[in-house]
Amino acid sequence: MAKNLIHGFFPAYKLHKVCADDCLLHVYGYLCFKNGNVYATDAHIAIAAPLSFVSNFDDEEKELLEGKLIHATQFAQLLKMRETYVKEAENGVQFECKTKLGETVIIPILTEEQVGKFPNVESVLVEADKNAKELGTQFAHVGFKPSRLADLVAAMDAKIIEFYFAKPAGAIVVRDQDKTNEIRAILMPCMIVEPKFLTY
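Described in the following lines is the structure provided in the data block. Computed from a predicted structure; not experimentally measured.

Regarding the overall build of the chain
The secondary structure content of the chain amounts to six helices and 12 strands. Per-residue burial for the chain yields a buried fraction of 42% across its 200 residues. Contacts in the chain between residues far apart in sequence, at least 24 positions, make up 61% of those at least 6 positions apart. Accessible surface computed for the chain: about 11,300 Å², of which carbon and sulfur atoms make up 54%.

Spelled out as structure tokens, the structure:
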């Protein structure tokens, strides 16, 4: 458990870094709670983290979060709280938090009706994982943006990661080498027209 955290999200897992900060992709700026997982994506990278792995919420709180969304900037705030509880409110559900100084902060939790339909990240992760297991022998020249990889590593709190390549130009499955990390992630590659190799 994180130092000084009594109840809430473990601050090591910066899942909000996977979200989009582009106002044109509104719903991609949110994290979604579904099927006991927290999902985040910016349409180029995606992550699924079991709630039981990234928080110490009880079963009742997890049930209240089901199908709800929170904006990435608000999730970042939650990581700084000493205590965070999921509570029923007059207009739905909210996070009731206490800061390290003992101040109370209320953060609203939204629904897909309020924000928009969240993409089915789970189906993309399952398909990418299936393709990685059926790895063929053909490879395309692909690349990826280092900043996106850095965001995934921060979200996973990983020290060493492994890549699993699927079909050419398909999603790259990213896993922590530490098998106790239950977070699943994918990274969408960029095509490289003319690969350049350094020669010495």
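Some details on the nonpolar core
Phe-9, Leu-15, Leu-31, Ile-47, Val-54, Phe-95 and Ile-183 are the most contacted members of the largest nonpolar core, which totals 42 residues. Within the second largest apolar cluster, 15 residues are counted, among which are Tyr-39, Leu-125, Val-173 and Ile-186.

A few points about the environment of Gln-77
With respect to the helices and strands, Gln-77 occurs in helix H3 (residues 72-78). Looking at Gln-77, the relative accessible area reads 36%, which means it is partly exposed. In sequence terms Gln-77 and Val-105 are 28 residues apart; their C-alpha atoms lie 9.9 Å from each other.

Digging into the sheet that holds strand E2 (residues 37-41)
Ordered by their spatial adjacency, 10 strands build an open sheet running E5-E6-E7-E4-E1-E2-E3-E11-E10-E9, and the pairing between neighbours is antiparallel. Pairing within the sheet leaves two strands with one partner each, and these edge strands are strand E5 (83-89) and strand E9 (161-164). Looking at each pair of strands side by side, their axes are set apart by 25° on average, direction ignored. Across three bridges, the pairing between strand E1 (residues 30-34) and E2 is antiparallel. The residue bridging Phe-33 from the neighbouring strand is Val-38, located in E2. Of the strands in this sheet, strand E3 (45-50), E9, strand E10 (172-176) and strand E11 (184-187) are in contact with helix H6 (residues 146-156), which crosses E3 at around 5°.

Notes on the pairing of strand E4 (residues 68-71)
As paired strands, E1 and E4 are joined by three bridges and run antiparallel to one another. Bridged to Tyr-30 within E4 is His-71. Bridge analysis of E4 against strand E7 (residues 104-111) gives two bridges, and the strand direction is antiparallel. Pairing of Lys-68 across the sheet is with Thr-111, part of E7.

Points about H6
All buried positions along H6 are accounted for by Arg-148, Leu-149, Leu-152, Ala-155 and Met-156. Considered in projection along H6, the buried side chains sweep an arc of 125° and stay on one side of the axis. Buried positions along H6 lie against E3, E9, E10 and E11. Directly after H6, the chain includes Asp-157, whose backbone phi takes a positive value near 55°.

Concerning the pattern of salt bridges
Taken as a whole and assessed by the stated rule, the structure comprises four salt bridges. The salt bridge involving Lys-34 is made with Glu-112; its shortest N-O contact spans 3.4 Å. Here Lys-34, found in strand E1, pairs with Glu-112, found in helix H4 (residues 112-115); they are 78 residues apart in sequence, far enough to count as distant. We classify Lys-34 as partly exposed; its relative accessible area is 24%. Between Asp-42 and Arg-148 there is a salt bridge; the shortest N-O distance is 3.8 Å. With a gap of 106 residues between them, Asp-42 in the loop between E2 and E3 and Arg-148 in helix H6 connect regions that are remote in the sequence. Looking at Arg-148, the relative accessible area reads 14%, which means it is buried.

What counts as what
- Residues numbered from 1 in each chain as written.
- Predicted model: local features only at pLDDT ≥ 70, side-chain atom pairs only at ≥ 80, totals over all residues.
- Heavy atoms only, no water.
- Helix = DSSP H or I, 4+ residues; strand = E, 2+ residues; numbered from the N terminus.
- Buried < 20%, exposed > 50% of the residue type's maximum accessible area, 1.4 Å probe, protein only.
- Contact = heavy atoms within 4.5 Å.
- Areas by Shrake-Rupley, 256 points an atom, 1.4 Å probe, with all protein chains shown as cover.
- Core = buried A, V, L, I, M, F, W, Y, C linked by side-chain atoms within 4.5 Å.
- Pairing = 2+ DSSP bridges.
- Axes fitted to C-alpha atoms, helices over the stretch in contact; angles between N-to-C directions.
- Arc of directions from axis to C-beta.
- Salt bridge = Lys/Arg side-chain N within 4 Å of Asp/Glu carboxyl O.

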